[in-house]
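Observations on the three-dimensional arrangement
The primary structure of each chain is shown beneath.
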Amino acid sequence: MRVPVRRLLLPLAALCAFAAAGARGDGYDRWWEPGEGRTFPVQLDYPNDQGTLRLLLTGGPLETKGHPFFEPLGPNGRACITCHQPADSMSLSAQTARERWDTTQGEDPLFAASDGSNCPTLPQGDRASHSLLLERGLFRIQLPWPTREWNGKPIVPDFRIEVVRDPNGCNSGPKYGPAAGNLSVYRRPRPLANMKYLLAVGFPFAPKQGYALPLDPDTHKPMSGNLMADNRTGNLRLQMEDASSTHLAFARRLTREQIDRITDFEMRIFAAQQTSNRGGAVDTLGARGGPAKLRDSEPGQLGSIGEPVWSEFAAWEHIPPADAARLKPEELAFRQSVARGAKVFRDKTFLITDSAGINSRIGFGNPVRNSCVFCHNMTQMGNDVAPGQVDLGTTTMPFADPMPDLPLFRITCLKAPHPHYGRVFYTMDPGFGLTSGRCADVGKITLQSMRGLSARAPYFSNGLAKDLRGVVDYYDRRYNIGYTEQEKQDLVNLMSVL
Amino acid sequence: MKTIAALLMLAAPMAAQAQETGSLVRFVACPTYRDADSGRKSGCWLADDRATGRRWDVSLSPYKPDWNFAVLVEGRVTDAKPDACGAPVLDPVRTSRLLDQPCVRHMLPAEGYPGRRYKLQGRYIDPLSVPRAVPPGPYAERTFPVYFEFDNDFLIYQYDDYLLDKAVTWIRAAKPKKLVVTGFAATVPEMVSGQRIAERPEVARERAETIAETLRRLVEVPVEVKWQAGSQPTAEPDADRLPGQSQRRAEIRALF
């Protein structure tokens with residue numbers, strides 16, 4: 001058997017990367033290799049630029065040898081763990097992707113041509129062919145067009161898609177693009193942790209869609225609608241089947257046992273920032289940050305009628321003088337900033353305009369005055385208790401920032417015009433519109449969890465914000481909020497400890 | 001007899017367009033947003049009736065305007081002081097978005113008006129974690145109406161979800177053999193603010209199918225769908241004494 005020279009060089013390169021790792025405390029155990037057979041402990045800490053992320057696994061340690069989440073199932077050498085790394089809060093940061101490229105010279109299965117490169121037609125040995133993953137943390141998601149329901153039933157869309165810009169070649173040519181029956185968009189992997197919250201159902205209705213919640217095809221119970229960016233799969237089984245057949249290139253169907261074992265792991269894992277480099281442990285002096293609170297709380301609670309969102313840090317609003325005296329001045333200032341950030345998140349209102357899912361079709365009004373918790377309303381998590389398909393404009397003109405390395409599509413509504421964009425408009429990712437087939441849903445992206453953010457930059461589904469300040473700045477521009485510099489820093493500090 | 005009297009009472013004030021307390025006003029206007037700020041959802045919606053030159057506070061509508069489109073305003077005059085938003089208050093009131101009539105968006109500053117501090121009240125549902133009280137029997141054939149905005153089949157948040165939640169709670173307890181959902185549309189043209197307005201006949205079917213699909217997701221009872229154009233006003237209390245609202249409805253009839 002001929003072994004490529006590059007493969008033989010990998011261990012040496014990995015050793016060099018270990019030596020150079022530095023601030024993130026990287027080592028061999030930071031990257032979880034598919035099939036390596038490690039034991040997943042009940043508690044696992046990973047340093048990041050802001051402090052330490054902690055993962056808690058309920059029910060005791062897990063032997064990962066032979067476990068379908070950790071074993072490569074398909075021929076490309078990837079496993080679920082490849083793109084859902086514990087150190088990255090069960091997602092994958094662009095920084096980790098870059099480190100992996102440097103460590104393996106691009107040989108890691110992470111960079112599989114099918115979706116770990118900008119397009120399979122590009123020269124795979126070139127770093128530039130993987131720029132979207134390396135710079136923005138994006139994977140290529142190829143979806144059928146026209147769209148189909150989860151059971152393969154076709155949907156007749158009420159809009160037409162034309163490709164305006166195709167910088168990577170995966171939306172044109174004989175194999176790719178709407179003319180070939182598919183569409184490629186580029187998205188961040190969503191974190192597979194704290195799943196009981198993402199699956200929780202708070203109310204029986206989907207107010208943004210104007211129906212009762214759709215039913216799980218397996219259990220016939222209502223589905224939360226909060227799993228995937230475009231809500232194309234509503235339960236974990238469907239999500240696994242989607243991911244295994246695409247990202248893992250697994251040609252067969254997952255067995256019931258494999259689905260059950262992956263589900264078991266995903267429901268047991270909780271992740272959140274545990275310590276801050278600047279503020280210390282986030283569950284001290286009365287604060288209740290960190291993953292233990294997440295593990296022990298009831299999911300699906302609406303902050304406005306129960307425990308307010310991010311009230312975990314309320315005790316830091318008024319730290320008693322005796323306690324304050326035991327902190328370094330910069331630690332005290334940081335904790336006070338986090339507490340202020342939580343209040344800004346809840347209480348600073350602004351006018352939300354022209355955002356489908358908020359201003360239409362639901363009748364809150366356009367505009368409507370509210371704060372971040374209007375949508376980020378679930379206690380402890382900051383995702384939406386109702387299915388969270390909302391158009392913030394992150395992917396759609398004119399609100400999206402220029403991202404010339406992403407494709408651009410012209411959308412033409414064939415029935416009613418889009419309530420905010422009109423008959424014809426432009427998007428880099430139609431989002432939920434690709435699932436529902438409805439023009440009014442184009443640009444909507446499902447809100448996600450706000451936990452473990454420090455471990456998994458960049459942010460938004462298309463990696464628009466390279467850091468937490470970028471998130472705040474985007475909202476400030478989009479809704480003309482007028483945050484003060486102090487408020488911006490307080491929000492960044494808050495998000496850094498979630 | 002009581003129903004006829006109620007219907008007469010509903011219809012009578014409309015023609016006169018009197019402005020006394022309780023009278024009905026109905027007009028089409030471009031809405032104005034007043035950026036009052038007493039916290040979340042506290043802004044004001046105002047609308048000017050071109051025929052009378054009067055400005056009304058229409059903020060209490062459960063389905064609020066979009067400043068890019070005209071609204072059909074239907075409401076009853078109150079004697080409330082205009083101190084929240086700077087205009088006399090319509091309550092109850094509905095503001096249906098007319099998406100084929102674009103407007104220039106217009107926002108007024110607060111100008112000292114506080115708006116209304118948001119309170120969770122009226123027609124809202126509890127989370128699923130709160131058990132619903134079982135409605136007492138005996139159970140017999142019964143009809144539950146739900147209501148819509150003009151030419152629209154969208155379930156109105158904190159209105160239709162409340163009505164449906166009540167209906168579903170009763171249906172789960174009563175266990176009828178079948179549900180018949182009938183959608184209605186107000187298709188007879190009327191002149192409002194110099195415009196001839198009428199709902200599309202097909203919205204009756206859209207309403208019926210929306211409610212039927214929602215019921216199929218909530219109860220395990222066979223659902224049959226019907227629809228009917230040219231609907232007439234009713235005196236059902238949840239239409240809030242607004243004839244137009246009562247016409248734009250779907251009815252869920254539980255059969256045993």
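Quick notes on the rules
- The residue numbering used here restarts from 1 in each chain and proceeds along that chain's sequence as written.
- Chain labels run from A onward and ligand labels from 1 onward, assigned in the order the entries are written.
- Predicted model: local features are reported for residues with pLDDT of at least 70 only, side-chain atom pairs are reported and counted for 80 or more only, and whole-chain, interface and lining totals are derived from all residues.
- The helix and strand labels rest on DSSP assignments: H or I over at least four residues marks a helix, E over at least two residues marks a strand, and numbering proceeds from the N terminus.
- Every radius of gyration here is taken over C-alpha atoms, with the globule rule written as 2.2 Å times N^0.38, N being the number of residues.
- Contact definition: two residues whose C-beta atoms, as placed from backbone geometry, lie within 7 Å.
- Labels follow a simple rule on C-beta atoms placed from the backbone: if 20 or more others lie within 10 Å of a residue's own, it is buried; if 12 or fewer, it is exposed; otherwise it is partly exposed.
- The criterion for strand pairing is that DSSP finds at least two bridges linking the strands in question.
- Every axis corresponds to a line fitted to the C-alpha atoms, with the helix fit spanning only the stretch in contact, and the corresponding angles, defined between N-to-C directions, vary from 0 to 180 degrees.
- Multiplying 1.5 Å by the helix residue count minus one yields the expected span of that helix.
- Residues are grouped as follows: Ala, Val, Leu, Ile, Met, Phe, Trp, Tyr, Cys and Pro are nonpolar; Asp, Glu, Lys and Arg are charged; all remaining types, including Gly, are polar.
- Convention used here: angles under 35 degrees read as roughly parallel, angles over 145 as roughly antiparallel, angles from 65 to 115 as roughly perpendicular, and any remaining angle as oblique.
- Domain delimitation in this document rests on an assignment produced automatically or drawn from a domain database.

What follows concerns the overall build of chain A. The helix and strand tally for chain A stands at 13 helices and 17 strands. Against the 2.2 N^0.38 benchmark of 23 Å for 498 residues, chain A shows a C-alpha radius of gyration of 22 Å, consistent with a compact globule. Viewed in the frame of its principal axes, chain A has a C-alpha envelope of about 70 × 60 × 45 Å. Once local pairs closer than 6 in sequence are excluded, the contacts in chain A between residues at least 24 apart make up 66%.

We now examine the pairing of strand E13 (residues 249–255) of chain B. All names here are of chain B. With five of its seven residues buried, E13 lies for the most part within the structure. Bridge count for strand E8 (residues 142–147) against E13 is six bridges, and the pairing is antiparallel. Paired with phenylalanine 144 across the strands is isoleucine 252, a residue of E13. Of the strand pairs in this sheet, strand E9 (residues 178–185) and E13 are connected by six bridges, and their pairing is antiparallel. Following the sheet pairing, threonine 182 is matched in E13 by glutamate 251.

So, about the sheet that holds strand E7 (residues 107–109) of chain B. Residue and element names in this part refer to chain B. The four strands are arranged E4-E3-E2-E7 in an open sheet whose pairing can be described as mixed. Two strands lie at the open edges of the sheet, namely strand E4 (54–57) and E7, each paired on one side alone. Strand-to-strand twist in this sheet, taken as the mean axis angle between neighbours without regard to direction, amounts to 30 degrees. Note that strand E2 (residues 31–35) and strand E3 (residues 44–49) share four bridges and pair antiparallel. Within E3, the residue paired with threonine 32 across the bridge is leucine 46.

A separate point is the sheet that holds strand E16 (residues 424–427) of chain A. All names here are of chain A. Read across the open sheet, the three strands follow the order E6-E15-E16; overall the sheet is antiparallel. Each edge of the sheet is formed by a strand with only one pairing partner; in this case those strands are strand E6 (159–165) and E16. Neighbour to neighbour, the strand axes of the sheet diverge by 25 degrees on average, direction disregarded. The pairing of E6 with strand E15 (residues 408–413) spans six bridges and is classified as antiparallel. The partner of glutamate 162 across the bridge, within E15, is arginine 410.

Glancing now at helix H3 (residues 202–218) of chain B. Between the first and last C-alpha of H3(B) there are 25 Å, a value that for 17 residues agrees with the 24 Å anticipated at 1.5 Å per step. Buried residues of H3(B): B:Val203, B:Ala204, B:Arg207, B:Ala208, B:Thr210, B:Ile211, B:Ala212, B:Thr214, B:Leu215 and B:Leu218, and no others. Check the buried side of H3(B) and you find it contacts strand E9 (211–212) of chain A together with E8, helix H2 (160–174), E9, strand E12 (223–229) and E13 of chain B.

Moving on, we get to the environment of A:Leu408. Residues and elements named next belong to chain A. Turning to its location among the elements, leucine 408 is positioned in strand E15. Between the C-alpha atom of leucine 408 and that of glycine 303, which follows or precedes it by 105 residues, the distance is 37 Å. Setting aside anything within four residues of it in sequence, one finds leucine 408 in contact with Val164, Arg165, Tyr426 and Met428.

Another aspect to go through is the interface of chain B and chain A. Chain B puts 31 residues into the contact, and the matching count from chain A is 31 residues. Where the side of chain B that touches chain A is concerned, the elements lending two or more residues are E2, H2 and H3 of chain B. Among the elements that line the side of chain B that touches chain A, the one with the most residues is H3(B), at five residues. Within the side of chain B that touches chain A, the residues separate by chemical class into 15 nonpolar, six polar and ten charged.

Think of two packed helices as two axes; the pair is described by the angle between the axes and how far apart they sit. Residue and element names in this part refer to chain A. Between helix H10 (residues 329–347) and helix H13 (residues 485–496), the least distance of the axes is 7 Å, while the angle of their chain directions is 100 degrees. Considering the angle they form, H10 stands roughly perpendicular to H13. Counted together, Phe334, Ser337, Val338, Arg340, Gly341, Ala342, Val344 and Phe345 of H10 and Glu487, Gln489, Asp490, Leu491, Asn493 and Leu494 of H13 form the full contact between these two elements. Residue classes in the contact of H10 with H13 are distributed as seven nonpolar, four polar and three charged.

Before going further, it helps to examine the environment of A:Pro41. Residues and elements named next belong to chain A. Tracing the sequence through the fold places proline 41 in the loop between strand E1 (39–40) and strand E2 (43–48). As a C-alpha pair, proline 41 and aspartate 102 span 61 residues in sequence and 28 Å in three-dimensional space. Contacts of proline 41, omitting those with residues within four sequence positions, involve Leu57 and Pro61.

Time to look at the domain arrangement of chain B. Residue and element names in this part refer to chain B. Domains assigned within chain B are domain 1 (13–109) and domain 2 (142–255). Listed as interface residues are 14 residues of domain 1 and, on the opposing side, 15 residues of domain 2. Every element with two or more residues in the side of domain 1 that touches domain 2 is listed here: strand E1 (24–29), strand E5 (69–77) and strand E6 (90–102). The greatest single-element share of the side of domain 1 that touches domain 2, amounting to four residues, is contributed by E6.

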